[in-house]
Each structure stands twice: as structure tokens, then as C-alpha cells.
Amino acid sequence: MADTMKNNESADQGKFIAFEGIDGSGKSTQIRILNERMKKEGIHCYTTMEPTDSPIGSLIHQIMTGRIRTDNKVIAALFVADRLDHLLNDVDGIVSKINEGTTVLTDRYYFSSYAYHSVDMPMDWVIQANGQSSSILRPTATIFIDTDPDTAMERIAKNRDHQELFEKKSRLVKVREKYLEAFEKLKEEERILVIDGNRSVQEIADHIWEQVKVLISR
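If you're wondering where the values come from, they're calculated on a predicted model, not measured in any experiment. The numbers attached to residues start from 1 for each chain and follow its sequence in the written order. Local features are withheld for residues below a pLDDT of 70 in this predicted model, meaning they are given only at 70 or higher, and side-chain atom pairs are given and counted only at 80 or more; totals for whole chains, interfaces and linings count all residues. With hydrogens and water stripped out, all remaining heavy atoms of the structure feed into the side-chain values.

With respect to the environment of arginine 37
Item 1. Starting at the N terminus, helices and strands are each numbered in turn, a helix being any DSSP run of H or I of at least four residues and a strand any DSSP run of E of at least two. By the secondary structure assignment, arginine 37 is in helix α1 (residues 27–40).
Item 2. In this structure arginine 37 comes out as partly exposed when scored by relative accessible area, which is 22%.
Item 3. With 67 residues separating them along the chain, arginine 37 and valine 104 place their C-alpha atoms 14 Å apart.
Item 4. For arginine 37, the contacting residues outside a window of four places in its chain are Gln202, Ala205, Asp206 and Trp209. Buried, partly exposed and exposed residues are distinguished by accessible area as a fraction of the type maximum, computed with a 1.4 Å probe on protein chains only: under 20%, between the cut-offs, and over 50%, respectively. Between two residues, a contact is recorded if the distance between any of their heavy atoms is within 4.5 Å.

A look at the pairing of strand β3 (residues 103–107)
Item 1. Counting buried residues in β3 gives 5 out of 5 residues, a clear majority hidden from the surface.
Item 2. Examined bridge by bridge, strand β1 (residues 16–20) and β3 share 4 bridges and lie parallel to one another. Looking across to β3, one finds that isoleucine 17 is bridged to leucine 105.
Item 3. We call two strands paired when DSSP finds no fewer than two bridges between them. Judged from the 5 bridges that link them, strand β2 (residues 45–49) and β3 form a sheet pairing that is parallel. Bridging across to β3, tyrosine 46 finds its partner in valine 104.

Observations concerning the sheet that holds β3
Item 1. With parallel pairing, the 5 strands of this open sheet are ordered in space as β2-β3-β1-β4-β5. A strand with exactly one partner marks an edge of an open sheet, and here the two such strands are β2 and β5 (192–196). Averaged over all adjacent pairs, the angle separating strand axes in this sheet is 20 degrees, with direction ignored.
Item 2. Taken together, the 4 bridges between β1 and strand β4 (residues 141–146) define a ladder with parallel strand orientation. What sits directly across from isoleucine 17, in β4, is alanine 141.
Item 3. For helices, the fitted axis covers only the stretch in contact; all axes are lines through C-alpha atoms, and the angles between them, taken along N-to-C directions, range from 0 to 180 degrees. Helix-sheet contacts for helix α10 (residues 201–216) involve β1, β4 and β5, and the interaxial angle to β5 is about 160 degrees.

Any link to function would need more than the numbers given here.
Below, the structure written as C-alpha cells:
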């Protein structure tokens, strides 16, 4: 995918790496491994995720687990609000951490909204709704762990005692297609690194590290 993201990172700023993939793709595991490797290299890292554990994020979690029911457009809007707070919160916001020189690894960012929400509504609407976030901060790179939906469902069944709202194979097939559509649509604006997620954990981790080493040397 594209490696042409235009950003204005200064030498003393931290990098911002967003991990994307369908549910069950192994993002959380790979973020943990990358965080450990970067710390061994003396790189100050901060790991985070979306939805956050803020009041807005907590509301989203309740919707995802079925405790609250609402319209898909409302869900999309809540993600927009949670993402902006994730960026700008004056306690632990991503922007302030990057400006301080910390490298931030996030489990999901706006491409998750583009992929998951555009199954139910026009992708252009979702992209526009997230326009403030993309104008505030684009990732140094978005790492997409591309995993077969069957493999992802097997991992979900093995590792979780319940399924969330979007964790159905038919949905994951559509979401993966929407990810690829969004990457193609925005290939001139974003740096996307696609990683084969059907391999072993270590093989995936080694491939990611080879890619990230190039990014952090720039």
C-alpha cells in the first residue's frame, strides 16, 4: 500500500503508529511485543487503544457488549467524540505525549471507523465525520494486520468468553473489504503497511519490527 504520508514530524517528536485489523487479528499481542522491543532500544513508548476508558469510551463498550442499544450513526458519532478526546485530553492525550517525544502505539484509530461503520453507511460520511482527527494527527504509519476472517473467528472463540457487536464472520468479511477500500481511497494521503496476519505470532512480530525500524530511524 501507499508509503506517501505527508507529515510534519520534527526530530524531537515521538512517532505515532496505529494498528488496525479485523477483530481477532492479533493487534493487542503485536502491540505488546513491539512495545517491549522498542523499550529495549531505549525508545520511550506509550500504548493505548480505542474505544478508550474515558466516559465516552465506556459508553461505547456498553453498546459493543449489548448492554445499551442505539442506532449505528450514533455509534459512529460516539467514536468520533471518543477519538477527539483521545487526541486532545489534557491528562493523557496522544498529541501532548507525541509533542513530549513519546512514541505512541494505538490499538485502532480512524481507519477502524472507516471500515466498521461504512458497512452500514457511506464511507465518505464516516471519513468526513472524522475529519478533525485526521487534520489534528495522522499516523506516522498505519499497520494493518491482514487476517483471514475464519482464522480471526477461531481466535475470538478461543480467547474470549463472549462476542461483541461486530464479531460475526459475515461482518468481519465485509469489514476487511472496507479496510482495503479505505486504504485504496486514501493511498496518497496515508502510509499503510500491510502485514500478513495468518502466520505465527513471531513471524508477524518480526515483519512488523523490520518495518518499524525504518520508521524510527527517519
